[in-house]
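# A closer look at the structure
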Amino acid sequence: MKHKYKIFWVIFSLSLVISAILATQSTPPICTGGCDTVTTSKYAYTFGIKNSIYGTFIFLILSAITYSHIKNPSRNKKIIINLGIIFGSAISVYFIYLQHFVLKSYCKYCLVVDIGLVISLIVLLISLKYE
């Protein structure tokens with residue numbers, strides 16, 4: 001099942017780029033209206049730090065571990081990747097909930113990252129079924 005980790009690596013890398021864009025700019029260049037509402041809300045920060053900074057850091061680590069696992073598979077790396085996907089998906093569902101039900105506004109960048117993690121969880125669950 002080495003292929004699923006290549007899919008994860010692509011998703012993590014894409015999410016890393018988007019998180020870096022969100023972390024370095026007050027308003028992402030392509031966003032209008034919705035992104036401002038989401039990225040400047042009180043939910044955009046945890047312990048005084050932008051959530052996108054946490055996301056960038058976590059995606060960087062998961063991308064490196066996933067790339068390393070593709071080159072040199074190990075049980076510990078697999079466990080870390082799987083737990084990262086499960087935990088990240090739970091947080092993503094929470095952020096989607098906040099955007100839809102609380103803020104009633106959407107950030108395109110945030111949704112790409114969140115939906116990417118949910119897709120990773122689906123790929124993980126399907127692949128675990130066939131292992």
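On to the overall build of the protein chain, then. Within the protein chain, the regular secondary structure consists of five helices and two strands. Ordering the α and β elements of the protein chain from the N terminus gives α-α-β-β-α-α-α. For the protein chain, the C-alpha radius of gyration of 15 Å lies close to 14 Å, the compact-globule estimate for 131 residues. With the C-alpha coordinates of the protein chain rotated into their principal frame, the extents come out at 45 × 25 × 25 Å. Counting every position in the protein chain, which comprises 131 residues, the buried fraction comes to 40%. Roughly 7700 Å² of accessible area belongs to the protein chain as shown, and the carbon and sulfur atoms make up 73% of that amount.

Moving on, we come to the packing of helix H3 (residues 51–71) against helix H4 (residues 75–103). It is at 10 Å that the axes of H3 and H4 come closest, and there the two elements cross at 150 degrees. Relative to H4, H3 is oriented roughly antiparallel. You can see that H3 and H4 cross each other, and the crossing is left-handed. From H3, Asn 51, Leu 62, Ile 65, Thr 66, Ser 68 and His 69 reach across to H4, where they touch Lys 77, Lys 78, Ile 80, Ile 81, Gly 84 and Phe 95. Among the residues making up the contact of H3 with H4, the classes are represented as five nonpolar, five polar and two charged.

Reading the values: rules and limits
Numbers given to residues run from 1 along each chain, matching the order in which its sequence is written. Given that this is a predicted model, residues contribute local features only at a pLDDT of at least 70 and side-chain atom pairs are listed and counted only at 80 or more, while totals for whole chains, interfaces and linings are drawn from all residues. Side-chain numbers here rest on the full set of heavy atoms in the structure, without hydrogens or water. Counting from the N terminus, the helices are DSSP H or I runs at least four residues long and the strands are E runs at least two residues long. Here the globule rule is a power law, 2.2 Å times the number of residues to the power 0.38, and the radius of gyration is based on C-alpha atoms. Residue burial is assigned from relative accessible area. The probe radius is 1.4 Å, only protein chains are included, and a residue is buried under 20% of its type maximum, exposed over 50%, and partly exposed in between. Note that accessible areas follow from Shrake-Rupley with a 1.4 Å probe, and for residues the cover is restricted to the protein chains shown. Note on definitions: angles span 0 to 180 degrees between N-to-C directions of axes, and those axes are lines fitted to C-alpha atoms, for helices only across the stretch in contact. Roughly parallel means an angle under 35 degrees; roughly antiparallel means over 145; roughly perpendicular covers 65 to 115; every other angle is labelled oblique. By convention, the crossing between two helices is left-handed when the near helix turns anticlockwise from the far helix through less than a right angle, and right-handed when the turn is clockwise. The contact criterion used throughout is that any non-hydrogen atoms of two residues lie within 4.5 Å. Only Asp, Glu, Lys and Arg are considered charged, only Ala, Val, Leu, Ile, Met, Phe, Trp, Tyr, Cys and Pro nonpolar, and every remaining residue, Gly among them, polar.

Purely geometric numbers; function is a separate question.
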